[in-house]
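Architecture at a glance
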Amino acid sequence: MTDKDIGPLIKRVNDKLKAAADASLKESGLTFSQTIVMEFVHSQGGQTTQKEIEDHMQVSHPTVVGIVTRLEKNGFLTCCMDETDRRIKIVRETDKAVEAKNTMCAEAQKTERRITAGLSDKDLEDLRRMLNTIYNNI
């Protein structure tokens, strides 16, 4: 691998983004992965299934179980079994999660401004297009 290889560069950018997000969220007791779950649950009207979270995040069942369990323990989510199918775990946001959404959005906007500083609207449009192309190629 060389400094010109795109894959390792994308990995390094992702690692830095995750570390910066985790650091900025630490005070609120959340991690970047947890905020992705909370945002997804919120986007689904405040309720979804654990399986839908797995599909959305494209991660394993045990990974989502760990994230959801910590969020439930910290009062951001509640979980229960579906009454008609006990294999399905229903995940709901709490009032605490809704309140935390404002903090999460503010942090995300600050990060977005920081990582896109110095890029023109055209640069951003090109970057989005290229990243989507890379994503679809994989």
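A brief look at the structure comes next. (Residues numbered from 1 in each chain as written. Predicted model: local features only at pLDDT ≥ 70, side-chain atom pairs only at ≥ 80, totals over all residues. Heavy atoms only, no water.)

Quick look at the environment of Leu124
With respect to the secondary-structure elements, Leu124 resides in helix H6 (residues 121–137). Residue Leu124 is classed as buried on the basis of its relative accessible area of 14%. When near neighbours in sequence (up to four residues on either side) are disregarded, Leu124 contacts Thr116 and Leu119. (Helix = DSSP H or I, 4+ residues; strand = E, 2+ residues; numbered from the N terminus. Buried < 20%, exposed > 50% of the residue type's maximum accessible area, 1.4 Å probe, protein only. Contact = heavy atoms within 4.5 Å.)

What about the sheet that holds strand S3 (residues 89–93)?
With respect to topology, three strands assemble into an open sheet ordered S1-S3-S2, the strand pairing being antiparallel. The open sheet terminates on both sides in strands that have one partner only, identified here as strand S1 (47–49) and strand S2 (77–81). Averaged over all pairs of adjacent strands, the angle between strand axes in this sheet comes to 25°, irrespective of strand direction. Where S2 lies against S3, five bridges are found, and the strand directions are antiparallel. Within S3, the position partnered with Thr78 by the bridge is Arg92. (Pairing = 2+ DSSP bridges. Axes fitted to C-alpha atoms, helices over the stretch in contact; angles between N-to-C directions.)

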